[in-house]
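Listed below, chain by chain, are the residues.
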Amino acid sequence: MGRRRKATYSAAAHHHDHLKLFQILGYYGGNGDLELAAYMLQNANALEKIVIDPRAQLDKAIKATKDFSENNEEAARSSARLRLPPLLPQGVELVIL
């Protein structure tokens, strides 16, 4: 039996005309993270900078081993470096911590 695809939802477009900085803490690099970033990049007209911070993953109630956490963080960074630049509007700075 094949893998079942999750339903995707479309958020109503609401322009955030005054938002200049957007941060995603605990970024894992999954489709949900990418969809959130894409939504903000499309709807925050005054956006100057988007900050991706996978380090907040360590704050989970159930902590993983240090090596496992560092691998997750690096995978999230790699995903952000690969998937986000094509979505960036001109003049928006991408910072990956």
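Residues numbered from 1 in each chain as written. Predicted model: local features only at pLDDT ≥ 70, side-chain atom pairs only at ≥ 80, totals over all residues. Heavy atoms only, no water.

Further remarks concern the environment of D17. Summarising the element assignment, D17 is placed in the segment before strand 1 (21-25). Residues D17 and N43 lie 26 residues apart in sequence; the distance between their C-alpha atoms is 8.0 Å. Contact partners of D17, with chain neighbours within four places excluded, come to N45 and A46. Polar contacts involving the side chain of D17 include one to the side chain of N45, which spans 2.8 Å. (Helix = DSSP H or I, 4+ residues; strand = E, 2+ residues; numbered from the N terminus. Contact = heavy atoms within 4.5 Å. Polar contact = N/O pair within 3.5 Å; in protein donor to acceptor, adjacent residues only side chain to side chain.)

A few words now on the environment of V95. Here V95 lies in strand 3 (residues 93-96). On a C-alpha basis, the gap between V95 and I50 in space is 6.2 Å, while along the polypeptide they are 45 residues apart. Discounting residues that sit within four places of it in the chain, V95 has contacts with K49, I50, V51 and I52.

As a further point, take the UniProt feature "domain: FBD" (unreviewed entry) in the protein. According to UniProt, the positions carrying the feature "domain: FBD" (unreviewed entry) are residues 17-52. The span residues 17-52 carries 36% helix and 25% strand; its end-to-end C-alpha distance comes to 21 Å. (UniProt positions renumbered as here; feature names shortened; annotations may be inferred.)

Quick look at the sheet that holds strand 1 now. As summarised here, the arrangement of the three strands in space is 1-2-3, forming an open sheet in which the pairing is parallel. Two strands bound the open sheet, and with one partner strand each, they are strand 1 and strand 3. On average, each strand axis in the sheet is tilted by 15 degrees relative to the strand beside it, whichever way the strands run. Relative to strand 3, strand 2 (residues 49-53) is paired through four bridges, and the arrangement is parallel. Pairing of I50 across the sheet is with L94, part of strand 3. Sheet strands in contact with helix 1 (residues 31-43) are strand 1 and strand 2, and its direction is about 175 degrees off that of strand 1. (Pairing = 2+ DSSP bridges. Axes fitted to C-alpha atoms, helices over the stretch in contact; angles between N-to-C directions.)

Let's shift gears to helix 1. The end-to-end C-alpha separation of helix 1 is 18 Å, in line with the 18 Å expected for 13 residues at 1.5 Å each. Along helix 1, the residues that are buried comprise D33, L34, A37, A38, M40, L41 and N43. (Expected span 1.5 Å × (residues − 1). Buried < 20%, exposed > 50% of the residue type's maximum accessible area, 1.4 Å probe, protein only.)

Before going further, it helps to examine the pattern of salt bridges. For the structure shown, the criterion picks out four salt bridges. With a shortest N-O distance of 3.3 Å, E73 and R77 are connected by a salt bridge. Here E73 pairs with R77, and both are found in helix 2 (residues 66-83), just four residues apart, close to one helical turn. Of the two residues, E73 and R77, neither departs from the other in class, the shared state being buried. A cluster of three or more residues bridged by salt bridges with shared partners is formed by E73, E74, R77 and R81. (Salt bridge = Lys/Arg side-chain N within 4 Å of Asp/Glu carboxyl O.)

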